[in-house]
Amino acid sequence: MTQQTGVITIHQMRLHRCEGCLAACRPERRATPSYELPRSLSKCGLLKRARRSPYKTLVARATRTDNMAEPSPPAPPALPTPPDNNAPPMPWFGMDIGGTLTKLVYFEPKENNRRELDKETEVLKNIRRYLTRNSAYGKTGRRDVHLQMENVTIRGRRGCLHFIRFPTSEVGAFLQLARSKGMADLVNTIYATGGGAYKFEDDFKKEVNMRLSKLDELDALIAGVLFVDSMNAQECYYWAPPNEEPVHQHATDTPPYSAEALSVYVRKPFDFSSPYPFMLVNIGSGVSMLVVNGPSDYYRVSGTSLGGGTFLGLCCLLTGCSSFEEAIALAASGDNTTVDKLVRDIYGGDYARFGLPGDLVASSFGQMCSAERRGAVSREDLARATLVTITNNIGSIARLCASNENIQRVVFCGNFLRVNPLSMKLLSYAMSYWSRGALKALFLEHEGYFGAVGCLLHLDSNHRRENVSRHSSPSNIEASRADR
Ligand SMILES: Nc1ncnc2c1ncn2[C@@H]1O[C@H](COP(=O)(O)OP(=O)(O)OP(=O)(O)O)[C@@H](O)[C@H]1O
Ligand SMILES: CC(C)(CO)[C@@H](O)C(=O)NCCC(=O)O
């Protein structure tokens, strides 16, 4: 992320400028986003104030190079946003305690004036220094420095968003750290989402006397996606062959889904400023699929328990690897065709009548019933087959749901896609090929952090959301199950 020069505020969500834009893009790089506030956000005081604000919203009209809109004049310089004296005390965090990873977004205020600096306690300064000067915390905490967002303004405070993650199994260690850094004395409430916000609520209270103000994970996810995308013109992208040749019209000898064909795919920016309707597929430990018709108009259409957790769990079992990064590295150099049974292994070639090419996987892990083949297979091949199995299954369900719902754009997010271009390319190919070009797979740079951002956006909300979201009414749950 290279946002440096623009000032982005919640009041001025549409204003975007980044180094990348200034260097490489025309001022009109992005079309005016039709950004409506998520209902959850519009309930919070901050945004109510923003609407009444006398400070005019500034819109940097910019259009992505692949989707040129009417040229428009460059945006005028940003007006300063008035500081909000009723803002809650720093530090400001949003937290998503997921089934595998906990994500923490920290707002680091910039431009403190002298008075504020004098007022800032030593503890607060230490927390800020500790979080922003390190990129590793203890054995397992990591800051994704490349995702850092500069010049975000929240409640009149300009600052920088930092993205931190650690395994949810280390929540205990995090609480100890929070105590040792004095965080517990400063923060009495954290906006938190994810199953862990429920599961660990008592631990936060007992260990560090912090209250978790719980937000629904899917509400927070959507709010976070819309907010981050509105601030970062580079957020949304897709993968395609360099010449953008439709993969279902591919006419060479190399199968379009082979490792060789996928290796030439390149990443391209996508203008997501008119997003609706879209399907959001969150690939975390498990997978949730949502149809999003508007910022506060969505439903969970389906899901699958075969997600990122399954990939990692199976890889650990099959290859003895011990981290996600290792599993991905193994998969990157493996060959799944020694593990899977292909259509040609069954037919000797294509099953032409129903358009099934010989190279298509007919049966995932289908070769592994042979002792001889099991003896010959490598760890890399097993990891690759696991990745392809999980990815293709998610792709199939997403495609069926999208066609069923008459939706053309499918946005994939979640940390399964972290450092995992292979899955993104496979999903891109599969969406396009099996829909004959009708579906487009899209991806987001801040992969797994949207829930935590959604929580940060609530930091001044007095409104505590109902524990049971309106989206999970019994009838919706039934509908979601029935859909499978
Ligand atoms: N460093 C990592 N450690 C463990 N898993 C990782 C790591 N990086 C990426 N992953 C992948 O990301 C997945 C977790 O993604 P994410 O953080 O989006 O979900 P979660 O919030 O933990 O799960 P859920 O939403 O289902 O509760 C893991 O299952 C794994 O596939
Ligand atoms: C349970 C959640 C929502 C927790 O984030 C996620 O892991 C998930 O969507 N799992 C898939 C559950 C299913 O629909 O089969």
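Counting restarts for each chain, with residues numbered from 1 along the sequence as it is written. Each chain is given a letter, starting from A, and each ligand a number, starting from 1, according to the order in which they appear as written. Residue-level local features of this predicted model are given only where pLDDT is at least 70; pairs of side-chain atoms are given and counted only at 80 or more, and the full residue set underlies all totals for whole chains, interfaces and linings. Each side-chain value is worked out from all heavy atoms of the structure, with water and hydrogens disregarded.

Colleague: Let's hear about the sheet that holds strand β11 (residues 266-269): which residues, and what values?
Modeller: Whether two strands pair comes down to DSSP finding at least two bridges between them. By definition, any uninterrupted DSSP run of H or I lasting at least four residues is a helix, any uninterrupted run of E lasting at least two residues is a strand, and each is numbered from the N terminus. Across the sheet, seven strands lie side by side as β11-β10-β18-β17-β12-β13-β14; this open sheet has mixed pairing. Since the sheet does not close on itself, it has two edges, and those belong to β11 and β14 (297-304), each with one partner. Geometrically, the sheet is characterised by an average inter-axis angle of 30 degrees between neighbouring strands, direction not taken into account. Where strand β12 (residues 278-283) and strand β17 (residues 409-413) come together, four bridges link them in parallel fashion. Within β17, the residue paired with Val281 across the bridge is Phe412. Fitted lines through C-alpha atoms serve as axes, helices being fitted only where they are in contact, and the angles separating the N-to-C directions of these axes extend from 0 to 180 degrees.

Colleague: Mind laying out the site of ligand 1, listing which residues take part and the relevant values?
Modeller: The full set close to ligand 1 counts 18 residues, and Gly99, Thr100, Lys103, Ser285 and Arg418 are the nearest of them. In the analysis that follows, any N or O atom pair within 3.5 Å is treated as a polar contact, provided that within protein one partner can donate a hydrogen and the other can accept it, and provided that, for residues neighboring in sequence, both atoms belong to side chains. The contact in question runs from an oxygen atom of ligand 1 to an N or O atom on the backbone of Leu101, over 2.9 Å. Residue exposure ignores everything except the shown protein chains as possible cover, and the areas themselves are Shrake-Rupley values with a 1.4 Å probe. Burial of ligand 1 by the protein chains amounts to 88% of its free accessible area of 650 Å². For the shell around ligand 1, the elements supplying multiple residues, two or more each, are β3 (101-109), α12 (308-319) and α13 (324-332). Per-element accounting of the shell around ligand 1 gives the leading share, three residues, to α12. When grouped by side-chain class, the residues that make up the shell around ligand 1 number four nonpolar, ten polar and four charged. Throughout, near means a residue has at least one heavy atom within 4 Å of the molecule or strand. Any residue that is not Ala, Val, Leu, Ile, Met, Phe, Trp, Tyr, Cys, Pro, Asp, Glu, Lys or Arg is counted as polar, Gly included; the first ten are nonpolar and the last four charged.

Colleague: Give a description of the environment of Ala178 that names residues and reports values.
Modeller: On the secondary structure map, Ala178 appears in helix α6 (residues 171-180). Exposure classes here rest on a 1.4 Å probe applied to the protein chains alone. A residue is buried below 20% of its type maximum, exposed above 50%, and partly exposed in between. What makes Ala178 buried here is its relative accessible area of 1%. Linking Ala178 and Tyr137, residues 41 residues apart in sequence, is a C-alpha distance of 12 Å. Should any heavy atoms of two residues lie within 4.5 Å, those residues are considered in contact. If near-sequence neighbours (up to four positions away) are discounted, Ala178 is found in contact with Met183, Ala184, Val208 and Met210.

Colleague: Describe the confidence of the model for the chain, and please don't skip the residues or the numbers.
Modeller: Per-residue confidence from the predictor is given as pLDDT, running between 0 and 100. Taken residue by residue, the chain gives an average pLDDT of 80. The fraction at 70 or more is 73%. Low pLDDT, under 50, characterises residues 462-484; the predicted model gives this stretch 35 contacts beyond four residues in sequence or across chains. Interface confidence for the predicted complex, expressed as ipTM, amounts to 0.99; the pTM equals 0.82.

Colleague: Would you mind going over unusual backbone geometry in detail, with residue names and values included?
Modeller: In this structure, the amide linkage connecting Met90 to the following residue, Pro91, adopts the cis form with an omega of 0 degrees. Here Pro91 lies in the loop between α3 (45-52) and β2 (92-97). Residue Pro277 follows Tyr276 across a cis peptide bond; omega there is -10 degrees. One can find Pro277 in the loop between β11 and β12. Here Asn209, not a glycine, exhibits a phi torsion of approximately 55 degrees, which is positive. Positionally, Asn209 belongs in the loop between α9 (201-208) and β9 (211-214). Judged by its relative accessible area of 49%, Asn209 is partly exposed. Backbone geometry at Asn406 places phi at a positive 60 degrees, although glycine is not the residue there. Within the element layout of this structure, Asn406 appears in the loop between α16 (379-404) and β17.

Colleague: Go over the pairing of β17 with me, naming the residues and quoting the values.
Modeller: Among the five residues of β17, five are classified as buried, and the element is accordingly described as predominantly covered. Of the two faces of β17, both are covered, the one formed by Arg409, Val411 and Cys413 as well as the one formed by Val410 and Phe412. The sheet contact formed by β17 and strand β18 (residues 440-444) spans four bridges and is parallel. Of the residues in β18, the one forming a bridge with Val411 is Leu442. Look down the strands so they point away from you; if the path from the first strand over the helix to the second goes clockwise, the crossover is right-handed. The handedness of the β17 to β18 crossover, carried by helix α17 (residues 421-434), is right-handed.

Colleague: Lay out the pattern of salt bridges with the relevant residues and their values.
Modeller: Any two side chains of opposite charge can pair, on the condition that their charged atoms come close. A pairing counts as a salt bridge when a side-chain nitrogen of Lys or Arg comes within 4 Å of a carboxyl oxygen of Asp or Glu. Per the counting criterion, the structure on display carries eleven salt bridges. Between Lys110 and Glu108 there is a salt bridge, with its nearest N and O atoms 3.7 Å apart. With a relative accessible area of 10%, Glu108 lands in the buried category. The closest approach of N and O atoms between Lys214 and Glu201, which form a salt bridge, is 2.9 Å. With a gap of 13 residues between them, Lys214 in strand β9 and Glu201 in helix α9 connect regions that are remote in the sequence.

Colleague: Quick one: what's the story with α12, residue by residue and with numbers?
Modeller: Expected span of a helix, by definition, is 1.5 Å for each gap between consecutive residues, and there is one gap fewer than residues. A rise of 1.5 Å per residue sets the reference length of α12, with its twelve residues, at 16 Å; its end C-alpha atoms lie 16 Å apart and thus fit the reference within 8%. Considered for burial, the residues of α12 that qualify are Gly308, Thr310, Phe311, Cys315 and Thr319. Down the axis of α12, the buried side of the element spans an arc of 155 degrees, and every buried residue falls inside it. Residue Gly320 follows α12 closely and has a positive phi angle near 75 degrees. By arc we mean the arc of the directions from the helix axis to the C-beta atoms, nothing more.

Colleague: Hey, could you go over the packing of α12 against α13 for me, with residue numbers and the actual values?
Modeller: Interhelical geometry of α12 versus α13 gives an angle of 70 degrees and a closest axis separation of 10 Å. Our classification of the angle between α12 and α13 gives roughly perpendicular. Across the interface between the two elements, Phe311, Leu312, Cys315 and Thr319 from α12 touch Phe324, Ala327, Ile328 and Leu330 from α13. For the contact of α12 with α13, a count of residues per class yields seven nonpolar, one polar and no charged. Roughly parallel means an angle under 35 degrees; roughly antiparallel, over 145; roughly perpendicular, 65 to 115; everything else is oblique.

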